[in-house]
Amino acid sequence: MTKKRIVITGAPGTGKTSVIVKLEASNYFCFHEVIRSMTQEAKENDESATFASNPIVSVSDPYEFNTQILNGRIEQFTDAVTKSDPILFYDRGIPDVLAYMDYFNQTYGDDFINQCKDHRYNHVFLLPPWEEIYVSDNERFESFEQAKDIHHHLLETYTRFGYMCTEVPFGSINERHDFILKNIT
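Residues numbered from 1 in each chain as written. Predicted model: local features only at pLDDT ≥ 70, side-chain atom pairs only at ≥ 80, totals over all residues. Heavy atoms only, no water.

A. Quick look at the overall build of the protein. Of the regular secondary structure elements, the protein holds eight helices and five strands. Written out in order from the N terminus, the α and β elements of the protein read β-α-β-α-α-α-β-α-α-β-α-β-α. Evaluated residue by residue, the protein yields a buried proportion of 47% over its 185 residues. Long-range pairs, those at least 24 residues apart, make up 78% of the contacts in the protein between residues at least 6 apart in sequence. When the accessible surface of the protein is totalled, it reaches about 9200 Å², and 49% of it is carbon and sulfur. (Helix = DSSP H or I, 4+ residues; strand = E, 2+ residues; numbered from the N terminus. Buried < 20%, exposed > 50% of the residue type's maximum accessible area, 1.4 Å probe, protein only. Contact = heavy atoms within 4.5 Å. Areas by Shrake-Rupley, 256 points an atom, 1.4 Å probe, with all protein chains shown as cover.)

B. How the structure looks around the packing of aromatic side chains. What the rule picks out here adds up to 12 aromatic pairs. With a centroid separation of 6.4 Å and an interplanar angle of 25 degrees, the aromatic rings of phenylalanine 77 and tyrosine 90 are classed as stacked. Remark: tyrosine 90 occurs in strand β3 (residues 87-91) and phenylalanine 77 occurs in helix α4 (residues 62-79); sequence separation between them is 13 residues. Feature note: the residues Phe29, Phe31, Phe77, Tyr90 and Tyr121 constitute an aromatic cluster, connected by ring pairs. For the cation-ring pair, arginine 5 lies above phenylalanine 77, with the distance from its terminal atom to the ring centre recorded as 3.7 Å. In this structure, arginine 120 packs its charged tip against the face of tyrosine 163, placed 4.0 Å from the ring centre. (Phe/Tyr/Trp six-rings, centres within 6.5 Å; stacked < 30°, edge-to-face > 60°. Lys NZ or Arg CZ within 6 Å of the ring centre and 35° of its normal.)

C. Helix α8 (residues 173-182), seen in detail. Buried residues of α8: Arg176, His177 and Ile180, and no others. For α8, the arc enclosing every buried residue in end-on projection is 100 degrees, short of the 170-degree limit, so these residues lie on one face. In α8, the exposed residues that point more than 90 degrees away from the buried face are Glu175 and Lys182. Buried residues belonging to α8 abut β1 (4-10), α1 (16-25), β3 and β4 (123-127). (Arc of directions from axis to C-beta.)

Okay, structure coming up:
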């Protein structure tokens, strides 16, 4: 049986986590965002100060931090073979790492690019910035304006790797959940 690997992505504060929780409640298997736990660990272990911006630029070694994120997402991709579910959802995909590195003007090598080429998803759903639901939290440091810029970097990065992103329209969690399920290709 061929598995469908479906990415749910978008800038911070677009409702990704709420949609993922709803998909899980509908008995779909979802891989969770790896950076949230990494952000918390980095905050606890970094002796320098409290983060005032995205930890990708605040940690002592952003390249290593991004490598850990990349490896976490590759591990999720690889772990999919152990799942019996025919459809698997990912809260962000491997290309998200490059989109954020581009946004923060960080360099990366061919190894990052090749991982995006070698680990392909079947479909990408992109949640657009939505000011009415945007809130900051302990792991989200970007302003709404920055979220809009990140959205453009995500769209550009996925497009560069040959994906045609399906934009999820604004609506209730149930409406967005249903839209995604109806549009899986």
